[in-house]
Every structure is written in C-alpha cells, then in structure tokens.
Amino acid sequence: MTFADGMAEPTSPETPLRETSSPQTPLLETTLREMTWRDIPALTAIEPALFADDAWSQGSWWAELAARPRRSYVVGEQSGTVVGYAGVDCGGVVADVMTIAVAPAAQGQGLGAVLLHWLIAEARRAGAEHLMLEVRADNAVAQRLYSATGFRTLAVRRKYYQPGDVDALIMRMHLWDM
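Caption draft 1: Spotlight on helix α1 (residues 40-51). With 12 residues, α1 extends 16 Å from end C-alpha to end C-alpha; this agrees with the ideal 16 Å at 1.5 Å per step. Close packing links the buried residues of α1 with α2 (58-66), β3 (71-78), β4 (81-90) and β5 (94-102).

Caption draft 2: Molecular detail of helix α4 (residues 140-149). Along α4, the positions that sit buried rather than exposed are A142, Q143, L145, Y146 and T149. Mapping the buried residues of α4 onto a view down its axis gives an arc of 160°, with all of them on the same face. For α4, the exposed residues set more than 90 degrees away from the buried face come down to V141 and R144. In this structure, the buried side of α4 is in contact with β5, α3 (111-125), β6 (130-136) and β8 (166-174).

Caption draft 3: Quick peek at the nonpolar core. One finds I100, L115, L116, L119, L131, Y146 and F151 to be the most contacted residues of the largest nonpolar core, which totals 33 residues. Those elements that provide at least two residues to this core are β4, β5, α3, β6, α4 and β8. Looking at this core, the element that brings in the most residues is α3, giving nine residues. Setting aside anything within four residues of it in sequence, one finds L116 in contact with I100, L145, Y146, T149 and F151. Listed in part, the 12 residues of the second largest apolar core include M35, I40, L43 and A101.

Caption draft 4: Structural view of the pattern of salt bridges. The full count for this structure, using the stated rule, is 11 salt bridges. Between E77 and R33 there is a salt bridge, and its shortest N-O distance comes to 2.9 Å. One end of the pair, E77, is in strand β3; the other, R33, is in strand β2 (residues 30-34), and 44 residues separate them in sequence. By relative accessible area, E77 is classed as buried at 17%. R68 is the partner of E34 in a salt bridge, and the nearest nitrogen-oxygen pair spans 3.3 Å. Taken together, the positions of E34 in strand β2 and R68 in the loop between α2 and β3 put the pair 34 residues apart, joining distant regions of the chain. Among the residues examined, E34 registers a relative accessible area of 54% and is labelled exposed. Residues joined in a network through salt bridges with shared partners are E64, R70, R71 and D89.

Conventions used here
- Residues numbered from 1 in each chain as written.
- Predicted model: local features only at pLDDT ≥ 70, side-chain atom pairs only at ≥ 80, totals over all residues.
- Heavy atoms only, no water.
- Helix = DSSP H or I, 4+ residues; strand = E, 2+ residues; numbered from the N terminus.
- Expected span 1.5 Å × (residues − 1).
- Contact = heavy atoms within 4.5 Å.
- Buried < 20%, exposed > 50% of the residue type's maximum accessible area, 1.4 Å probe, protein only.
- Arc of directions from axis to C-beta.
- Core = buried A, V, L, I, M, F, W, Y, C linked by side-chain atoms within 4.5 Å.
- Salt bridge = Lys/Arg side-chain N within 4 Å of Asp/Glu carboxyl O.

Okay, here's the thing in structure tokens:
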C-alpha cells in the first residue's frame, strides 16, 4: 500500500487512510509493508530515541516476529527508509496493540494515524471485538491520537513504566461501533 497527501476516505481495510486530525506537515509518500527480520537493525536504531529504557532489543524483535500468525507487524517506509512501525496481537475477541512508533524525523505528518488505522483493520480482519493498548500517562500526543480515533481510558496502572514511576493508561476501542 502506498500513502500520500490527498488520500480519500477509506472504503475498505486495504484503502489508504487519513489522519483524524490535521498533521503539522503533509504526509510524505509512505509505503506500508509487512515487517521482516531484515528490518530488525532499523527498528533497533529507532527504538532508543522513542522509548529509551523501554526500547525493544534485537532479541525482542526476533521473538515478536516468531509469534506469527497471531501477531502482525507492518513498517512504514519513506524513500526506502523505515520511519514507522506497528504491531498487533490478535488472540480472540480482544486484540492488543504491541507497539506503534514513528521516527522523530517523520513525526507530525500523520503517519501515526495511518499506522493506528492499520492496527484497527488488522484486529477487525482477525474478528476481534475490542482493541486494547497501554500508553504512558506523560505521552499527551499519543493520548490525543488514540482518543480522537475512538479509544477510551478504562484504567490506570500506577508506576507501570520504569524507571521513572510513570503511570500507564489502559485504553480500549470497540471495533464495530465505528
């Protein structure tokens, strides 16, 4: 799938998706494709800038990719460079967002929304009724995206993210209410 500025509203899960709010800069042409083991070096290069102490290692990525077909992962590329990625675990009526990230240089273009809509479409394809995620309580940008997309906060896990004692918000979306 290729995404570029000026996309139409989606008509099916395979159709390009628009961001739910206006991006700061237009979304550059971005190709979404299935993640492969060849992407692991690029992923481990992006992770520390985004997640610091919570960054996944190469071993973590290998384990995640080995968990297919229950787990699905996608990368977003611009000019052949991985600039974002997302993954979902579809294990029944509740699917879980495993990760979603956009490299700092590609933030503000709406790629996070495109990746989130891909996660939603994957969960629906798997027959899930709900999609759940955890987000840091200090990540207001992600919280706004999730809320604008239809996620609602269910609970708070106190001091979940370490170090730093940062709370996690547990959010859920009903997939068939949209």
